[in-house]
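# Analysis of the macromolecular model
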Amino acid sequence: MNLPEPVQSYFAADAVIDGAVPLDAFSWNAVVLDEGGTHVGDAAITSWWRGAKARYQNTSVPHSVRQDHDRIIVRAMVTGRFPGSPALLSFAFRLSDGRIAELEIGA
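What you see is a predicted model, and the numbers here were worked out from it, not measured in a lab.

Attention now goes to unusual backbone geometry. A cis amide bond links serine 85 with the next residue in sequence, proline 86, at an omega value of -5°. Tracing the backbone shows proline 86 in the loop between strand E4 (71–79) and strand E5 (87–96). At glutamine 57, a residue that is not glycine, the phi angle is positive and equals roughly 50°. With a relative accessible area of 31%, glutamine 57 lands in the partly exposed category.

To continue, consider the packing of aromatic side chains. The final tally for this structure, using the stated rule, is 9 aromatic pairs. Judged by centre distance (6.3 Å) and plane angle (75°), the rings of tyrosine 10 and phenylalanine 26 are edge-to-face. On the criterion of sequence distance, the pair formed by tyrosine 10 in helix H1 (residues 5–14) and phenylalanine 26 in strand E1 (residues 26–34) is long-range, its members being 16 residues apart. A residue is classified by how much of its surface remains accessible, and tyrosine 10, at 2% relative accessible area, is buried. Between the aromatic rings of tyrosine 10 and phenylalanine 91, the centroid separation amounts to 6.1 Å while the plane-to-plane angle is 55°, which identifies the pairing as tilted. Here the residue tyrosine 10 occupies a position in helix H1, and phenylalanine 91 occupies one in strand E5, the gap between them amounting to 81 residues. Its relative accessible area of 3% is what places phenylalanine 91 among the buried residues. Pairwise contacts between aromatic rings join Tyr10, Phe11, Phe26, Trp48, Trp49, Phe91 and Phe93 into one cluster.

What counts as what
- Residues numbered from 1 in each chain as written.
- Predicted model: local features only at pLDDT ≥ 70, side-chain atom pairs only at ≥ 80, totals over all residues.
- Heavy atoms only, no water.
- Helix = DSSP H or I, 4+ residues; strand = E, 2+ residues; numbered from the N terminus.
- Buried < 20%, exposed > 50% of the residue type's maximum accessible area, 1.4 Å probe, protein only.
- Phe/Tyr/Trp six-rings, centres within 6.5 Å; stacked < 30°, edge-to-face > 60°.

This is how it looks when you write it as structure tokens:
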């Protein structure tokens, strides 16, 4: 699967339950939208990432990718400790200057 470098970095980190937060993949003022919450900037994204990993012990594996205007939509199988696991979720990335500027995760 041909994914842009920051998206590859995101999924490489997400494949490891206790892996490091992939902050280098995100712009300094990136926005993550997940589970009804909005997380902006390095500190908030770090807190979101670590909280989700601790709570759900989740990993994700990309299955498909498509371009939708200015967003890269990756469908990934997410497995972890949550109802309905495993689940096929959408990860919508918007890139800017070679980094993730926005990530929205949903069904």
